[in-house]
Amino acid sequence: MKITTIGFWGAYPAQNSATSCYLIEDVGYSLLVDCGSGALSRLQGYISLNSIDAVILSHYHHDHVADVGVLQHARLVQTKLGHIQDKLPIYAHKEDEVGFGELSSSYTEACPYDPDTTISVRPFTISFLKTVHPVPCYGMKITNGKHTIVYTADTAYQKEWVDFSEGADLLITDTNFYKGMDAAQAGHMTSEEAASIAADADVNELWLSHLPHFGNHSRLKQEAADVFHGEVKLASEGLRWSSE
Ligand code: ZN
């Protein structure tokens, strides 16, 4: 099982980079988690777009779904060229009916997930935790039965993250604010809050992501390392975790 960071910015992409998007691969299956702005361009440095088997979305904010439309165009072009045949499944919640409806096209299939149940997206099993955010949003626990990755998506701090993340191999957190700032009013977390989840859940490794367009990111890492004594990394394009 392997995860590669494609996009890590919050809100909008800085030059030549992308907002939230991660590629998770195992036994030849490729799952895209969120598909933010700039993701399709950056993704091609790591995988052929035609090799993506499924997409799963946390919520419908632009910095998580902006490139779904152009992904649909890519599927259209590649289908017309005869390079692919199947519709691409896009898993998402249905609490935003307009957003969910837009995931369906002649080349993509909107697949609703019930956040109260665990779903199978071959070869992964995925469970959900509702986040604290201005719109309905779900964090995800993704496992292949041997290893587990938890992605908080966008969220203010809530203690439920600790149980949900317990013992994960990798925890990827929304870290959109620095220690001492009021991240909760925006539905996000600080470095200190993110790291406290990692420490309390005793995860193996912490990635700080959904990074802000202000301040010095090395400070986020230091603030997190003061709280969580395992491995802490700042998300960056190409940052990879592998179970091998
Ligand atoms: Zn959001």
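Read on for a plain summary of the structure. Everything numeric in this text was worked out from a predicted model, so none of it was measured. (Residues numbered from 1 in each chain as written. Predicted model: local features only at pLDDT ≥ 70, side-chain atom pairs only at ≥ 80, totals over all residues. Heavy atoms only, no water.)

Okay, the pattern of salt bridges next. Side-chain pairs of opposite charge can arise where the charged atoms are in close proximity. Scanning the entire structure with this criterion turns up six salt bridges. Where E25 meets K2, a salt bridge forms, and the shortest distance between an N and an O atom there is 3.8 Å. In this pair, E25 sits in strand β2 (residues 21–26) while K2 sits in strand β1 (residues 2–7), placing the two residues 23 residues apart along the sequence. You can call K2 partly exposed: its relative accessible area is 28%. Between R219 and E223 there is a salt bridge; the shortest N-O distance is 2.9 Å. Residue R219 and its partner E223 are located together in helix α7 (residues 217–225), separated by four residues, close to a single helical turn. (Salt bridge = Lys/Arg side-chain N within 4 Å of Asp/Glu carboxyl O. Helix = DSSP H or I, 4+ residues; strand = E, 2+ residues; numbered from the N terminus. Buried < 20%, exposed > 50% of the residue type's maximum accessible area, 1.4 Å probe, protein only.)

Now for the coordination of the zinc ion. Protein-derived coordination of the zinc ion comes from H59 (NE2), H61 (ND1), H133 (NE2) and D154 (OD), at a distance range of 2.2 to 2.3 Å. Classification of the site at the zinc ion as irregular follows from its four donor atoms and the range of 89 to 168° in their angles at the metal. Donor residues for the zinc ion, ordered by position in the chain, follow H-x1-H-x71-H-x20-D. Taken together, the positions of H133 in the loop between β8 (124–130) and β9 (138–143) and D154 in the loop between β10 (148–151) and α5 (160–165) put the pair 21 residues apart, joining distant regions of the chain. Just as H133 is buried, D154 falls in that class too. (Donors = N, O, S within 2.8 Å, 3.2 Å for Na, K, Ca; no water. Tetrahedral: all angles 85-135°; square planar, octahedral: opposite > 155°, others 65-115°.)

The subject of this paragraph is unusual backbone geometry. Note that the residue after R122, namely P123, is joined by a cis bond; omega there is -5°. Within the element layout of this structure, P123 appears in the loop between β7 (119–121) and β8. A positive phi angle is found at A11, which is not glycine, with a value near 70°. In this structure, A11 sits in the loop between β1 and β2. For H210, which is not glycine, the phi torsion reads 55° and is therefore positive. The residue H210 is located in the loop between β12 (205–209) and α7 in this model.

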